[in-house]
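Observations on chain architecture
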Amino acid sequence: MSVTITKDNLKAETNHQLTVVDFWAPWCGPCKILEPILADLEKVYGDRIHFGRMNVDGNQEIAEQYHVLSVPSLVIFKNGRAAEKVSGIYPKEKLAAYLDKKLAEVTEG
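Since the model is a prediction, treat every value here as computed from it, not as a measurement. (Residues numbered from 1 in each chain as written. Predicted model: local features only at pLDDT ≥ 70, side-chain atom pairs only at ≥ 80, totals over all residues. Heavy atoms only, no water.)

1. Focus: the side chain of Thr-14
- When you line up the elements, Thr-14 lands in the loop between helix 1 (10-13) and strand 2 (18-24).
- Accessibility expressed as a relative area gives 3% for Thr-14, which makes it buried.
- In contact with Thr-14, not counting residues within four places along its chain, are Thr-19, Val-21, Phe-77, Asn-79 and Gly-80. (Helix = DSSP H or I, 4+ residues; strand = E, 2+ residues; numbered from the N terminus. Buried < 20%, exposed > 50% of the residue type's maximum accessible area, 1.4 Å probe, protein only. Contact = heavy atoms within 4.5 Å.)

2. Examining the packing of aromatic side chains
- Enumeration over the complete set of coordinates arrives at 2 aromatic pairs.
- Linked through ring pairs, Phe-23, Tyr-66 and Phe-77 together constitute an aromatic cluster.
- In this arrangement the basic side chain of Arg-53 is found over the ring face of Trp-24, its NZ or CZ atom lying 4.1 Å from the centre. (Phe/Tyr/Trp six-rings, centres within 6.5 Å; stacked < 30°, edge-to-face > 60°. Lys NZ or Arg CZ within 6 Å of the ring centre and 35° of its normal.)

3. Focus: the pairing of strand 2
- Counting buried positions along strand 2 yields 7 of 7 residues, so the element is predominantly enclosed.
- With burial as the criterion, each face of strand 2 is covered, one bearing Leu-18, Val-20, Asp-22 and Trp-24 and the other bearing Thr-19, Val-21 and Phe-23.
- For strand 2 and strand 4 (residues 73-78), the ladder comprises 6 bridges, and the chain directions are antiparallel. Each residue of the ladder has a partner; that of Asp-22, found in strand 4, is Leu-74.
- By the bridge criterion, 6 bridges tie strand 2 to strand 3 (residues 50-55) in an arrangement that is parallel. The partner of Val-20 across the bridge, within strand 3, is Phe-51.
- What joins strand 2 to strand 3 is helix 2 (residues 29-45), and the crossover it makes is right-handed. (Pairing = 2+ DSSP bridges. Right-handed = clockwise from strand over helix to strand, strands pointing away.)

4. Quick look at helix 4 (residues 92-108)
- With 17 residues, helix 4 extends 24 Å between its outermost C-alpha atoms, agreeing within 8% with the 24 Å of an ideal straight helix rising 1.5 Å per residue.
- The set of residues buried in helix 4 consists of Leu-95, Ala-96, Tyr-98, Leu-99, Lys-102, Leu-103 and Val-106. Down the axis of helix 4, the buried set is contained in an arc of 160°. They therefore lie on one face. Within helix 4, the exposed residues directed more than 90 degrees away from the buried face are Glu-93, Lys-94, Lys-101 and Glu-108.
- Turning to helix 4, the residues buried within the fold contact strand 2, helix 2, strand 3, strand 4 and strand 5 (81-87). (Expected span 1.5 Å × (residues − 1). Arc of directions from axis to C-beta.)

5. Quick word on helix 2
- The terminal C-alpha atoms of helix 2, which comprises 17 residues, lie 25 Å apart, in line with the 24 Å expected from a rise of 1.5 Å per residue.
- Where helix 2 is concerned, the buried positions are Cys-31, Leu-34, Ile-37, Leu-38, Leu-41, Glu-42 and Tyr-45.
- Looking at the buried residues of helix 2, the elements they touch are strand 2, strand 3, strand 4 and helix 4.

Structural data, given as structure tokens:
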């Protein structure tokens, strides 16, 4: 189960080799579509990728800090540092291929 990320635990929860933070909002229809896809991928990647979710409502300053202009957006953290961001919905297979590439980058690098 992905961790709920807040401004208070953001640093600790992203201090992993690879962390995916889902910036979402309860009023966002596409976010509801992406949520089960990420839940499935979290089961697949287990302890190799840390997953978290941040509700942008009430955390707008953090969303702005990471240039999240629309939801859903995924911010990829490598060893505690934001590395890149992708926005929108992706099919599970396409997102899995992307995460495989990110995992290869952190394990090789």
